[in-house]
Every structure is written in structure tokens, then in C-alpha cells.
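# Structural overview for review
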Amino acid sequence: MTKVVPDVICPFCGTLCDDIEVEVSDDGKTIVDVYNACAIGAQKFMHAQASDRVTRPRMQQPDGSYKEVSYDEAVEYTAQMLVNAKKPLMYGWSSTNCEAQSVGHEIAEKVGAIVDNTATVCHGSTLIAVQDVGIPSCTLGEIKNRADRIIYWGCNPTHAHPRHQSRYSIYPRGFFTNKGHKNRKMIVVDPRNTDTAKMADIHYQIEQGRDFELLSAFRVALRNEVLPDFVAGIPKEKIYEGAELMKSGRFGVIFFGMGVTQSLSKNHNIDNAIMLTKDLNEFTKFSIMAMRGHYNVTGSGQVLGWQFGFPFCVDLTRGFARYNPGETSSNDLLRRGEVDAIFVLGSDPGAHFPISSVRKIAELPSVAVDPHITPTTEVSKLHVPVAFVGVEVGGSCYRMDNVPIDARKVVDPPEGMLTDEEFLTRVNTRVSELKGVN
Amino acid sequence: MTKIALNLISGRTIHQGVAMEAGKEKDAYTKACGIIEMDPSDLKKLGAWRSTNVRVTSPYGSVVVKAVEATQGPHPGLAYIPMGPWANSVTDPNTYSTGMPTFKGVPIEVEIAMNEKILSSVELVQKKCRGEV
Ligand code: SF4
């Protein structure tokens, strides 16, 4: 007989679905099936079961191969590396729980490290814009119950957040949106005719990188001022039409993603999008929300925020917290060769940083803590496998709308395997000994 | 040999997400991300059939991937490589003091490279780090 664990959290994307059901074997050791999750979420649970999983730390040898070492040796190497480095970078923190993040920050304070999370390649420019102009936002629950105008700008939830539309933004029947998607109008702005765009009432197939211009054009159109015939490749009539559609709603929301944060104008795109939201509030109720990627990147920003006052790129090397994206951000530090050791947990910069930054990781003393084998673990000096958060250990996580949700443990990790938090706690203790502090 | 100039963007696809969670060292990840999605009109300009290996070169690097027809098009002039080490071999690392590399809007040139091999993620990153490719 198998049993079903209800109300499990999916630890993949920022939608942080909390209705997953996982069927486990009678002895509670293996996952048999996963219900309600999307294809990516289900794969995340199933991969935890892979028979070829690495269960002990591995140290790189001079010939490039890897040799198994004990967790004790791994703790010692990590602690020595961090203590001996002048300016270590501690990067990642998005695929782990808040409890582990907090222990990591304690270590960073002791050794004088820079702490940066995956926002640095994701919504970092959003965080900069929010500090510049503020943000009128809401929760996904409010959107489900009230929103009748949904704008996806530079994001493709059908691929990146597969259940976002069915759980919150388009299909669910809410309190004031009791006809589901029939109550809602959907606008998509994207240079490709994405699978999300194909479902939209209006799709603006914008010239890539011209978001700032189109956002400005909407702000002009809202006021019924004059526009040139085309903006960003879009005819002006279509822009006026979209502006009217936005104004005529009772509650609207702009969701935005990498299309705006990673194009050339970066944070200026976002502050213009936020100002468009502000302008729309003169006509009706409007909100704006970042489509956060990793399931707990939002949590990393929260924990860093309440501990040090800044959400990413926190430089603790001088004994107090400094923050200066462009200077204290991972890719700038790596490219300029300003760090002398790198510790990665809960992210894969080897796959997701520009190759010039990855080369630096391969040259430096480096530790990668990750349940998977990844391009990062395969260029790092030490790989420490750990239990999967949200599958083999619980903990606090923050959804994209800053709502904290407790992840659940479904099965035990393989015998003798440490969790992120346990590994970090042991490193922390060893760092304290080496530094002679408590 | 014909070379065509395109504007490159990258991002998530559901196949990339699923393959990544199944294991980045596996073949499925290379199949999902070691590709470049091109508009049919651009494939024609290049004179390439679907599923031809091509070399993509930017001011920042070069990589071999498989050219496939865009499923989320039409988008002539625009090319798409799913996020991962292949895209990041050619992406623009400049952050312009924001911390964020310019992952979208990279000028690239594409040429047919029928006999060149598409490396797996781990091979690609290791070889790039050792300066072998
Ligand atoms: S939408 Fe996101 S959180 Fe929900 S099941 Fe899919 S991957 Fe998991």
C-alpha cells in the first residue's frame, strides 16, 4: 500500500504551488508518483530518486577527475578556504530554505564575504528599480479574486511558470472573477509569438529591446496625447487600443520577466513599468509583480533584507554591509578578478553565468553545494551533495509575491546525507574555531 | 560559406526546465538547450535544413548548436537559444554597472557547421574553462 502526502510545496519556480500531492511507498522511502505538479515540478521530485545520484562529497584531483571524500574533509576544506580568502564570494541561495540562508550569512559575516543571490542574473535590475521608485504590488490571491486585466510583459509563463495562469492569473474563478478567464482580458508584450502570446487578446510583437519606448508610449496614450505612427514596431492605433483596455478594467496587473530585466535598458525598463502602473492608478486599480524564477530567490532577498538591509550584492568584507550593484555584483567581481575564492549553494552559475565568469570559478578555490551534478560542480574544486529542500527536508520559502510558505519533507534523504543547513552549521562551527570567535 | 547576422535572445523553455531537473549531465539537456531556434526565413537565407549543426559567433565567444525551426514564431531576424551553457558561451557579459549581464539582444553570426560536434553541457563548460574550444 502506498500513501499520499497532501499539500506539498513544489520547490522549482516562484509560483511555489502548494497543492502538490506525492504518493510514497509504504515504508516512506520512495516517491511513486506526483500529482497536480507541472512537468518541471514533477521531474524535480522524481529526480531525487535517481539511482545514479551522488551521495558523498567529491574533491577534484590534479588530473581533473573527482575522488570521494568524507563530509568532515569537505567541512574542513570549505572552512579553510573561506577563512584564508581575502575576499570570498558566497553566491546562490535561491534553491534552499531561509534557515540555510541565515546560517550562510552568519559565516559570511565572520569571514568577511560578499553574499549575492541569483537575482543578480534575474530580477536584480528590478530590485534596483524598486529602490528608485517604489512598487505598488499585491498578492497572487488578490489577483485570483479580483484582477480582470492581466499583462505579461517580457515573460512566458506557459514555459517558465507553467501553473501560474491556471492557479492565479487567468483561469481560476475568484470571488469577483467568478467566470474565470471570461472575466479577464490578457495582453502579452513579447518579441516572439510565444505560447503565452498565442493565448492573448492582444499581442504586441515588439522590436526586441524597445520596451522602454513602448512603456513610455502607453503612458502617453493613457493621457490621450499624440504618438508617432509607430513605436517599437507597433502601430499607434494598437497602443491607444491597449491603453483603453487597461483603463477600462476594475483591477489590473502587470507581470514582467527577463524580457525587460535582461535587455539593454535594464532597471530603467522596470522603473518605467512601475511608473506606468502608477499612472494607471489614476484611472483604476493596478498592480505590478516580478515573475521570480527560483522558488526561494524571493526568500533570499527577504533574509538578506532583514539582516543587512539590502536584497542582493551585499558586501561584508569591510565588517559592515555595503551594497553597490556593478561593483559588488557577482559577474562584475568575477570578470574583474576581484574575488579569491567562491562558494556556491543553491544555484548553478556554471550553466547560467556568461562563460567569462565561469572561467574564473574554475581557476579559483571553489566549493559547489548542490544535490545535482551541474556544470558548476564539474568545474569546482569540491562538490558537496546535499538533500533536496522541499523533497527531503522542509523549511521556509517565499513565493514571488513575498508570501512565506513552509516547504514540506516528503521522503528521507539517502543514508548519511547532510542538508544545506546541517552542512553550513558544521562549516560555521569550524570557521568560529579557526577565527577564535563564538 | 554563407553567414547571416541575427539578434540573439535566451530564456526558459519548458523542455529546458524538465531536462535540467532530470540532470544537466544527461543527453536530454543537450537536446533541449544545445539548439538555436530560427525563423524559417532565416534558415532559408542561411541555406540550412532543419536540424543542421551551426556555429554561432558573437563578439564574446563561439559555440556549435543545432539549428531548429522556431516554434514560437514568426520572428525573422531574431534567434533564440534556451538559457544554459550554450547560450552563455556567446552572451554579452557587460553589466553596465547594474550587475546584470546583457543576456538579451546579442549580435551574432550564424554559419553552417555540418561536421562539428555539439558538446554536452559539462564537456562544453570544462573545455571552455581550459581554453580548449
Ligand atoms: S508552476 Fe512552478 S511551482 Fe507550480 S508545479 Fe510548476 S514548477 Fe512547480
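Bear in mind that the values here come from a model prediction, so they are computed numbers and not experimental data. (Residues numbered from 1 in each chain as written. Chains lettered and ligands numbered in written order. Predicted model: local features only at pLDDT ≥ 70, side-chain atom pairs only at ≥ 80, totals over all residues. Heavy atoms only, no water.)

## Comments concerning the side chain of Thr126(A)
All names here are of chain A. Quick reminder of the rule: The helix count covers DSSP runs of H or I at least four residues long, the strand count covers runs of E at least two residues long, and both are numbered beginning at the N terminus. When a residue's accessible area, from a 1.4 Å probe over protein chains only, is under 20% of the maximum for its type it is buried; when over 50% it is exposed; and in between it is partly exposed. The contact criterion used throughout is that any non-hydrogen atoms of two residues lie within 4.5 Å.
Here Thr126 shows up in helix α4 (residues 124–133). Accessibility expressed as a relative area gives 5% for Thr126, which makes it buried. Discounting residues that sit within four places of it in the chain, Thr126 has contacts with Phe256, Thr261, Ile270 and Ala290.

## A word on helix α5 (residues 121–129) of chain B
Burial of α5(B) is extensive: 7 of the 9 residues sit out of reach of the surface. At its buried positions, α5(B) is contacted by α14 (349–352) and α15 (355–363) of chain A together with α2 (27–33), β4 (61–69) and α4 (85–88) of chain B. Just downstream of α5(B), Gly131(B) is the residue with a positive phi angle, here 75°.

## Some remarks on the sheet that holds strand β6 (residues 88–92) of chain A
Within a sheet, adjacent strands bond to each other through the backbone by hydrogen bonds, running parallel or antiparallel. Residue and element names in this part refer to chain A. This is how the line gets drawn: Two strands pair if DSSP finds at least two bridges between them. Only C-alpha atoms enter the line fits that serve as axes; for helices the fit covers just the stretch in contact. Angles between N-to-C directions range over 0 to 180 degrees.
The sheet built from 9 strands is open, its strands ordered β5-β4-β19-β18-β17-β6-β7-β15-β16 with mixed pairing. For this open sheet the edge positions go to β5 (66–68) and β16 (322–323), each flanked by a neighbour on one side alone. Along the sheet, helix α3 (residues 98–111) makes contact with β6 and β7 (114–117), crossing β6 at roughly 165°.

## Here's the deal with the domain arrangement of chain A
All names here are of chain A. We count it as follows: Domain start and stop points were drawn from an automatic or database domain assignment. In this description, buried area is defined as the sum, over both parts, of the accessible area (probe of 1.4 Å) that is lost when the two are combined. By definition here, a salt bridge exists when the distance from a side-chain nitrogen of Lys or Arg to a carboxyl oxygen of Asp or Glu is within 4 Å. Polar contacts, as used here, are pairs of N or O atoms within 3.5 Å; protein pairs need one atom able to donate a hydrogen and one able to accept it. Residues neighboring in sequence count only if both atoms are side-chain atoms.
Annotation of chain A at the domain level lists domain 1 (3–47), domain 2 (58–120 + 295–435) and domain 3 (124–290). The straight-line distance from the C-alpha centre of domain 2 to that of domain 3 is 34 Å. Contacts between the two partners involve 9 residues from domain 2, matched on the other side by 13 residues from domain 3. Taking both partners together, domain 2 and domain 3 bury about 850 Å²; carbon and sulfur atoms supply 66% of that area. Together, Arg399, Met400 and Asp401 form the three largest contributors to the area buried by domain 2 at its contact with domain 3, with a combined 56%. Joining domain 2 to domain 3, the criterion identifies 0 salt bridges. Joining domain 2 to domain 3, the criterion identifies 4 residue pairs in polar contact (both at pLDDT 80 or more).

## Brief notes about the sheet that holds strand β13 (residues 251–256) of chain A
All names here are of chain A. Reading across the sheet, the 5 strands line up as β10-β9-β8-β13-β14 and stay open at both edges, with parallel pairing between neighbours. Two strands bound the open sheet, and with one partner strand each, they are β10 (202–204) and β14 (285–290). On average, each strand axis in the sheet is tilted by 15° relative to the strand beside it, whichever way the strands run. Bridge analysis of β13 against β14 gives 6 bridges, and the strand direction is parallel. By the bridge assignment, Phe256 is partnered in β14 with Ala290. Relative to the sheet, helix α11 (residues 267–280) contacts β13 and β14, its axis offset from that of β14 by approximately 160°.

## Overview of the pattern of salt bridges
Overall, the coordinates contain 32 salt bridges over all chains when judged by the stated rule. What emerges from the salt-bridge pattern is a single network uniting Asp18(A), Asp19(A), Arg163(A) and Arg167(A).

## Notes on the nonpolar core
Among soluble globular proteins, nonpolar side chains are generally buried collectively. Formally: Side-chain atoms within 4.5 Å are what join buried Ala, Val, Leu, Ile, Met, Phe, Trp, Tyr and Cys residues into a set we call a nonpolar core.
Phe45(A), Ile36(B), Met38(B), Val56(B), Trp86(B), Ile108(B) and Val110(B) are the most contacted members of the largest nonpolar core, which has 51 residues in total. Per-domain counts for this core show at least three residues from each of domain 1 (3–47) and domain 2 (58–120 + 295–435) of chain A. The residues contacting Val56(B), other than those within four sequence positions of it, are Ile36(B), Gly61(B), Ser62(B), Val63(B), Val65(B), Val90(B), Ile108(B), Glu109(B) and Val110(B). Core analysis: the next-biggest nonpolar cluster, separate from the first, contains 37 residues, Val69(A), Leu82(A), Val386(A) and Val431(A) among them.

## Points about the interface of chain A and chain B
Our working rule: Polarity classes work like this: nonpolar for Ala, Val, Leu, Ile, Met, Phe, Trp, Tyr, Cys and Pro, charged for Asp, Glu, Lys and Arg, and polar for all others, with Gly in that last group.
Across the contact, 59 residues belong to chain A and 49 residues belong to chain B. Inspection of the region where chain A meets chain B yields 3 salt bridges. There are 23 residue pairs in polar contact (both at pLDDT 80 or more) connecting chain A and chain B. Going through the elements one at a time, α1 (39–47), α4, α6 (157–160), α10 (258–261), α13 (330–335), α14 and α15 of chain A are the ones with two or more residues in the side of chain A that touches chain B. Grouping the amino acids of the side of chain A that touches chain B by side-chain chemistry returns 22 nonpolar, 26 polar and 11 charged.

## Considerations on the packing of helix α8 (residues 211–222) of chain A against helix α9 (residues 236–247) of chain A
Residues and elements named next belong to chain A. This is how it is decided: Under this scheme an angle from 65 to 115 degrees is roughly perpendicular, one under 35 degrees roughly parallel, and one over 145 degrees roughly antiparallel; angles in between are oblique. Crossing handedness follows the turn of the near helix against the far one: under a right angle anticlockwise gives a left-handed crossing, and clockwise gives a right-handed one.
Look at α8 against α9: their axes get within 9 Å of each other, and the N-to-C directions meet at 65°. The angle between the axes of α8 and α9 places the two elements in the roughly perpendicular class. The handedness of the crossing between α8 and α9 is right-handed. For the pair formed by α8 and α9, the contact residues are Leu214, Ala217, Phe218, Ala221 and Leu222 on the first element and Ile239, Tyr240, Gly242, Ala243, Met246 and Lys247 on the second. Partitioned by chemical class, the residues of the contact of α8 with α9 number 9 nonpolar, 1 polar and 1 charged.

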